[in-house]
Each structure stands twice: as C-alpha cells, then as structure tokens.
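Residues per chain, in single letters:
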Amino acid sequence: MAALETWEIILRLTAAMLAGGAIGLNRELHDKPIGLRTLGIVALATAMLVIGTDPDAINHGVSDGASRVIQGVLTGIGFLGAGVIVRSKQTKNVHGLTSAACVWLTACIGVVCALAAWRLLAIGLFLAFVLLLLGGRSERWMHHLLGGKSDGEDNPTDASVKDSKNARTTVE
C-alpha cells in the first residue's frame, strides 16, 4: 500500500479549508459569531486528523482506527458549536443554532475531503448553500402561509418580562 502523494494531501486539505471557509463566509456575511477563518480551520483540522490517523487506509476504505477518530471529532465538535448558541434573557429566544450546525457541517466536510469523496462534497455543499441562502426566506414564507408566529412577534410572556424590567428600573 502506498501512502498518499504530497499533491494529494495538499488537494484534500485545501478542498476542506476552502469548503469550510465558504460556509464560514456565509455565516460571516449574516453577522454571525463564526466566520470564514473559524470554519475553514475546523474543516482543515478535521481533514488533517482523518488523513493523519491512517493515510494508507484512506485509499482502501476507512480503517477501524480512523472510524473512531471520525466519531470522536464529530462528537467533540459539538462543544465548539455550543459556544455560538445564545439564549436571550429578556425574550428567552435561542440564537445561533444554524451557526452551530454549520460548525458540525464543516467537520463533516473535513472528513469527506480527507476521504476524497468529491461528488459527495459537491452535492453536500450545493445543498448546504441552497438551505443557507433560501432557508430563512422559505421559513418566513411558510409561517406567513400557514399562520405561524413570525420572528418579530413577541411571546405573551415577553410583555410581562418587559413590564417587570421597567418596574425594577423605576423602583431602583
């Protein structure tokens, strides 16, 4: 079994970094707490780890050791994703779930690039960008069409939170 050629390692790592960076650029353009550098590094590091675990097995399927590394990375990356999830104290709304999912997606991109599964990368990236670019508009349209609550509406409990906050400031 021959180890990966240098050009092949460069190709796989560069593809991971660029694909992860593209997802990060989308998040950055939407003023989210993670961006091009963060997600580019997540995908690059994941690809490095998978290739470095068992470079010979990459050409012949994933070995048991590489499988365990991939499992550990995808589990552990949740901690980085959790760091971008924020819950507002006033409205109790949760923000950052899509960005957290993008962190996990970029770890998967790193694995896919390390395995040189180029069709899977192309199709997955295309679908991810369709969802990221059109998902928000589709959600708002479906809420409007089906009568769901829009993002701008307050919860009934929000008014009482605001009232109690105003009452505290006037008493203090």
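The following paragraphs examine the structure supplied in this document. Please read these numbers as outputs of a predicted model, since none were measured by experiment.

Things to note about unusual backbone geometry
Its identity as a non-glycine residue notwithstanding, Asp-31 has a phi of 55°, on the positive side. The topology assignment puts Asp-31 in the loop between helix H1 (6-29) and helix H2 (36-53). Note on Asp-31: relative accessible area 72%, which makes it exposed. A positive phi is found at Ala-116, a non-glycine position, where the angle reads about 60°. Its location among the elements puts Ala-116 in the loop between helix H5 (97-114) and helix H6 (118-146). On the accessibility criterion, Ala-116 (23% relative accessible area) is partly exposed.

A closer look at the side chain of Arg-27
Looking at the element boundaries, Arg-27 is found in helix H1. Although buried, Arg-27 forms no salt bridge, and the nearest oppositely charged side chain, Glu-139, lies 9.9 Å from it. Excluding residues that lie within four positions of it along the chain, Arg-27 makes contacts with Lys-32, Ile-34, Leu-39, Thr-98, Ser-99, Cys-102 and Leu-132.

Quick notes on the rules
Residues numbered from 1 in each chain as written. Predicted model: local features only at pLDDT ≥ 70, side-chain atom pairs only at ≥ 80, totals over all residues. Heavy atoms only, no water. Helix = DSSP H or I, 4+ residues; strand = E, 2+ residues; numbered from the N terminus. Buried < 20%, exposed > 50% of the residue type's maximum accessible area, 1.4 Å probe, protein only. Lys, Arg positive; Asp, Glu negative; His and termini not counted. Salt bridge = Lys/Arg side-chain N within 4 Å of Asp/Glu carboxyl O. Contact = heavy atoms within 4.5 Å.

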